[in-house]
Amino acid sequence: MDLNFLTLRRGALALLGTITLSAGLPVLAQGNFIVMASTTSTEQSGLFGHLLPAFKAATGTDVRVVALGTGQALDTARRGDADIVFVHDQAAEEKFVADGFGLKRLPVMYNDFVLIGPAADPAKARGKDIVAALQKVAASGAPFVSRGDKSGTHAAELRYWKTAGTDIATTKPAGYKECGCGMGPALNIAASTGAYVLADRGTWLNFKNRADLAVLVEGDNRLFNQYGVMVVNPAKHPHVKQALAQGFADWVVSPAGQASIAAYKIGGEQLFFPNAGK
Amino acid sequence: MTGLPPAVAAVAAPLLALQGAGVHFGAQAALRDITLQIRRGDRIALVGANGSGKTTLLRLLNGLLAPSSGSRLATGAPVTAMLFQRPFLLHFSVRRNLQLALWLARVPAAQRGVRLDDALRRVGLQAMADRPARSLSGGQQQRLALARAWAVQPDILFLDEPTASLDPSAKREVEALIDDFGHAGMALVMSTHNLGQAKRLANRVLYLDAGRLLADLPVDDFFHRTDLPPEAAQFLKGELPWT
Amino acid sequence: MNTFSESFSVALGLITQGDATLWPIVALSLRVSASACALGAGAGLLLGAWLAVARFPGHAAVVGVLNTLLALPSVVVGLVVYLLLSRSGPLGSWGILFTPTAMVVAQTILVVPLIAALARQLVADALREGGDELAAMGAGKLLSALLLLAHARLAVLTVLLTAFGRAVAEVGAVMIVGGNIAGVTRVMTTAIALETSKGDLPLALALGLVLLGVVGLVNLAVGLVQRRGGAGVPLAAGAAA
């Protein structure tokens, strides 16, 4: 067939396809990298941009972070789509290991939550006591934004409400709203509606759309947020890159990794406090 | 039917024949009980009022339609080509359009160049070979369609009102070419509203009325006999002023 | 209004200062969506051409389903492809989840119905004009359909540009199957989503402006090709000479 206009067209299309496809095709599943399921708040804190290059320099391994809510991150690992998990919900993590999806859980570091609210503080929540603050917010009926997305932050928020005497599942305070969203969008909503919101310090420090929001409660022991790392169990998912993933777990709890965590600062302020082995 | 002596008739075996053929579109009968033969040397004018089935008959003869009843027989796989009132040309050059026709007709690659040039020369479009086919005038486009037909060397050329959309000078050019093709040995089957054209170009006339073939006569007989079927006679009377 | 004016200056700064992270993200967006459109064109044009000429019981239903798929939400496609490519899913052994390849797969699925539905209409319209003549010249139905696509190539190009627009602007599918991994699967739209959720709205809008600008350049380039190669070729299929 010498019908060149048709074949030329089809040929060009095929060539274009092959080139662009191969260009967009980096390494497949083989290669010196691991996939880590972590949380959006950890990624948005900027920690990974600081920590992972240090890890790569030390071991030559790339870490590809898929940032999701804690619940989603653990589900992703359960399905075998990640090699290692790095989240901050101790109860959920222990269940993950107990169900056989993860090898040993290693504590790595903690950061803290803060209660954010309008600087004018209509509910008079300011102070050092998170539980008292929440009781005042509930009593005043002031607007409160909850992430409502089964994340580690959401789980912590529900625990504080319970300690304050409110079971969110049954009775929500007037002004309580769930957005089913990440930390950033929740802060956005709080900024535009003058609401109170529980946030992790890392996302808050990086958040640029503050309007007149301010930190109202911090320093309460109960506000500390513990992070744990778990290698996904190769018994459940044989393709998991166990050696490389274990390499990360071992490094992040080692003195070098812990020092790198402590060195990460925003505006001179340390965000995460290493506590491996404690 | 054609009045030829039996010996000659035996030699000129029909290229194409219809036997009691009919075409139905749903409940409507577009053609009924058509029996006719097409032979080499035939230059047939197909006439009849609008809606009488001329286009359907042409499509049936060319094999674009299958008969709903009766049969269509082709002897020796005759090569056919067809011209439409408005030629459909692809958005490519004149040359490319011809190459496509040659490729579709499975002409061997070695012959295509020669046939292409010959066809362009025949219709006088050599200068336009690389122009976009759609930029040609109406008459030139129809000449290109004729070149397309010439290139595949058909045994039978079907034409559906080929000059109806053309201005008078283009009409003359196209008629001259059709005449030329007929002289070169192509059988022609041409539907037309123009009885003068029928007289000029044809040696045989088929008259269709409401899907039935009412007359199949040599051209002189059709125009001068007094014992035509009444519909045909009326048709001639009504149409003659338009010559 | 502040955010809007701020975002313009941020956008300008991003482009002129050649932000090191920006251009790989732009390049990946273009590569993923262009690949998806190339693959989608192959499958979609063929499917559309075939549907324009094929006759079988249930044909109308198939066309109806195809037209319905035009409204396929990108996030649904992402979810379905994710479940297919997940290690716990049927195609897990391919190991392409969270890579650009998975993103190309998802976007291809997204654009095929679009290309097929529009191509089908193109061919059907063109067949009305020239189907008889092509058949008389000896072309079978599918070949006629393909020839008419080549004939209406400018309209086909517009269809492909439409598909490209749909692909490059979507975020639902690439976010789920790509994971928005920095340096690996982050594209313009997922970067915009990320910056929005971080509250950096001027940057998010600026990235949006850059995306529009890049797509605008692509359209400009295509328009030049059209004009150069198309002397005497009208823009709309089926436009009588």
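Residues numbered from 1 in each chain as written. Chains lettered and ligands numbered in written order. Predicted model: local features only at pLDDT ≥ 70, side-chain atom pairs only at ≥ 80, totals over all residues.

**Quick word on the overall build of chain C**
At step 1: The secondary structure content of chain C amounts to ten helices and zero strands.
At step 2: Element order for chain C, N to C, with α for helix and β for strand: α-α-α-α-α-α-α-α-α-α.
At step 3: C-alpha extents for chain C along the principal axes are approximately 65 × 50 × 30 Å.
At step 4: Burial analysis of chain C (241 residues in total) assigns 50% to the buried set.
At step 5: Counted over contacts in chain C with a minimum sequence separation of 6, partners at least 24 positions apart contribute 79%. (Helix = DSSP H or I, 4+ residues; strand = E, 2+ residues; numbered from the N terminus. Buried ≥ 20, exposed ≤ 12 C-beta atoms within 10 Å, placed from the backbone. Contact = placed C-beta atoms within 7 Å.)

**So, the overall build of chain A**
At step 1: Per the secondary structure count, chain A includes eleven helices and twelve strands.
At step 2: Looking at the 278 residues of chain A, the share that counts as buried comes to 47%.
At step 3: Sequence-distant contacts in chain A: of pairs separated by 6 or more residues, those separated by 24 or more amount to 76%.

**Focus: the packing of helix α2 (residues 22-53) of chain C against helix α6 (residues 141-151) of chain C**
All names here are of chain C.
At step 1: Interaxial distance between α2 and α6 falls to 9 Å at its minimum, and their mutual angle equals 125 degrees. One finds that α2 runs oblique with respect to α6. For the crossing formed where α2 meets α6, the hand is right-handed. Facing α2, whose interface residues are Leu45, Ala49, Trp50, Ala52 and Val53, α6 presents Lys141, Leu142, Ser144, Ala145, Leu146 and Leu149.
At step 2: The class makeup of the residues in the contact of α2 with α6 is nine nonpolar, one polar and one charged. (Axes fitted to C-alpha atoms, helices over the stretch in contact; angles between N-to-C directions. Parallel < 35°, antiparallel > 145°, perpendicular 65-115°, else oblique. Left-handed = near helix turned anticlockwise from the far one by under 90°. Nonpolar A, V, L, I, M, F, W, Y, C, P; charged D, E, K, R; others polar.)

**Side note on the domain arrangement of chain A**
Residues and elements named next belong to chain A.
At step 1: Partitioning chain A into domains gives domain 1 (33-111 + 225-274) and domain 2 (112-223).
At step 2: The C-alpha centroid of domain 2 is placed 26 Å from the C-alpha centroid of domain 1.
At step 3: Each partner contributes to the interface: domain 1 provides 19 residues, whereas domain 2 provides 18 residues.
At step 4: Within the residue set of the side of domain 1 that touches domain 2, elements represented by two or more residues are α2 (40-44) and α4 (70-78).
At step 5: With three residues, the single largest contributor to the side of domain 1 that touches domain 2 is α2. (Domains from an automatic or database assignment.)

**Some words on the pairing of strand β3 (residues 43-48) of chain B**
Put simply, side chains in a regular strand alternate between the two faces of the sheet.
Residues and elements named next belong to chain B.
At step 1: Of all six residues in β3, six are buried, a share of seventy percent or more.
At step 2: The alternating pattern of β3 places Arg43, Ala45 and Val47 and Ile44, Leu46 and Gly48 on opposite faces, both of which are buried.
At step 3: In the sheet, β3 pairs with strand β7 (residues 187-191) via four bridges, with the strands oriented parallel. Looking across to β7, one finds that Ala45 is bridged to Met190.
At step 4: Summarising the sheet, β3 and strand β8 (residues 204-209) pair through five bridges and their orientation is parallel. In the strand pairing of β8, Gly48 is matched with Leu208. (Pairing = 2+ DSSP bridges.)

**As for the confidence of the model for chain C**
Residues and elements named next belong to chain C.
At step 1: Chain-level pLDDT for chain C is 89 on average; 93% of the residues reach the 70-or-more range.
At step 2: By mean pLDDT, the top-scoring element of chain C is helix α4 (residues 74-85) (97), and the lowest-scoring one is helix α1 (residues 2-16) (80).
At step 3: Counting contacts from residues 231-241, a segment whose pLDDT is below 50, to residues more than four positions away or on other chains yields 19 contacts.
At step 4: For this predicted complex, the interface score ipTM comes out at 0.87, alongside a pTM of 0.83. (pLDDT = per-residue confidence, 0-100.)

**Notes on the pairing of strand β9 (residues 212-218) of chain B**
Residue and element names in this part refer to chain B.
At step 1: As paired strands, β8 and β9 are joined by six bridges and run antiparallel to one another. For Val205, the partnering residue across the bridge sits in β9 and is Leu217.
At step 2: In this structure, the hairpin formed by β8 and β9 is closed by a connection of two residues, where Ala210 is found at a positive phi of approximately 45 degrees.

**Here's the deal with the nonpolar core**
At step 1: Counting 197 residues, the largest nonpolar core has Ile84 and Val85 of chain A together with Ala106, Ile115, Ala119 and Val177 of chain C as its most contacted members.
At step 2: What Val177 of chain C contacts, discounting residues up to four positions off in sequence, is Gly78, Val81, Tyr82, Leu85, Leu97, Ala102, Met103 and Ala106 of chain C.
At step 3: The next biggest cluster of nonpolar side chains, apart from the first, holds 34 residues, and it includes Ile130, Ala133, Phe144 and Leu198 of chain A. (Core = buried A, V, L, I, M, F, W, Y, C linked by C-beta atoms within 7 Å.)

**Overview of unusual backbone geometry**
At step 1: Positive phi values are uncommon outside glycine, yet Asp121 of chain A reaches one of about 50 degrees.
At step 2: Along the chain, Asp121 of chain A turns up in the loop between β4 (102-118) and α6 (130-140).
At step 3: According to the C-beta neighbour criterion, Asp121 of chain A is partly exposed, with 18 such atoms within 10 Å.
At step 4: Of note in the backbone geometry, Ala77 of chain B takes a positive phi value of approximately 50 degrees without being a glycine.
At step 5: With respect to the helices, strands and loops of the structure, Ala77 of chain B is situated in the loop between β4 (69-74) and β5 (80-83).
At step 6: Ala77 of chain B gets classed as exposed once you count the C-beta atoms within 10 Å, which come to 8.

**Re the packing of helix α5 (residues 138-151) of chain B against helix α6 (residues 168-183) of chain B**
Two quantities define a packed helix pair, namely the angle between the helix axes and the distance between the axes.
Residue and element names in this part refer to chain B.
At step 1: With their axes 9 Å apart at the nearest point, α5 and α6 run at an angle of 10 degrees to one another. Viewed along their axes, α5 and α6 adopt a mutual orientation that is roughly parallel. Note on element contacts: α6 touches α5 through Ala170, Glu173, Val174, Leu177 and Phe181, opposite Gly138, Gly139, Gln142, Arg143, Leu146 and Trp150.
At step 2: For the contact of α5 with α6, a count of residues per class yields six nonpolar, three polar and two charged.

**Let's talk about helix α11 (residues 255-263) of chain A**
Residues spaced three or four apart along an α-helix face the same direction, because each turn holds 3.6 residues.
Residues and elements named next belong to chain A.
At step 1: For α11, the complete set of buried residues consists of Gly257, Gln258, Ser260 and Ile261. Seen along its axis, α11 keeps its buried residues to an arc of 155 degrees; they face one direction. Exposed residues lying more than 90 degrees from the buried face of α11 are Pro255, Ala256 and Ala259. (Arc of directions from axis to C-beta.)

**Re the environment of Ile156 of chain B**
All names here are of chain B.
At step 1: Examined against the element boundaries, Ile156 turns out to sit in strand β6 (residues 156-160).
At step 2: What makes Ile156 buried here is the crowd of 23 C-beta atoms within 10 Å.
At step 3: The spacing of Ile156 and Leu188 is 32 residues in sequence and 5.8 Å in space, taken between C-alpha atoms.
At step 4: If we ignore the near neighbours within four places in the chain, the residues touching Ile156 are Leu15, Leu16, Ile38, Pro78, Thr80, Ala187 and Val189.

**Some points on the environment of Gly219 of chain A**
At step 1: Topologically, Gly219 of chain A is positioned in the loop between β8 (213-217) and β9 (224-232).
At step 2: Here Gly219 of chain A falls in the partly exposed class, since 13 other C-beta atoms lie within 10 Å of it.

**Some details on helix α5 (residues 100-136) of chain C**
All names here are of chain C.
At step 1: The end-to-end C-alpha separation of α5 is 47 Å, well short of the 54 Å expected for 37 residues at 1.5 Å each.
At step 2: In α5, a bend of some 65 degrees at Gly130 exceeds every other bend along the element.
At step 3: Of all 37 residues in α5, 31 are buried, a share of seventy percent or more.
At step 4: Just past α5, the residue Gly138 takes up positive phi, approximately 105 degrees. (Expected span 1.5 Å × (residues − 1). Bend = angle between axes of the 7 residues up to and from the residue.)

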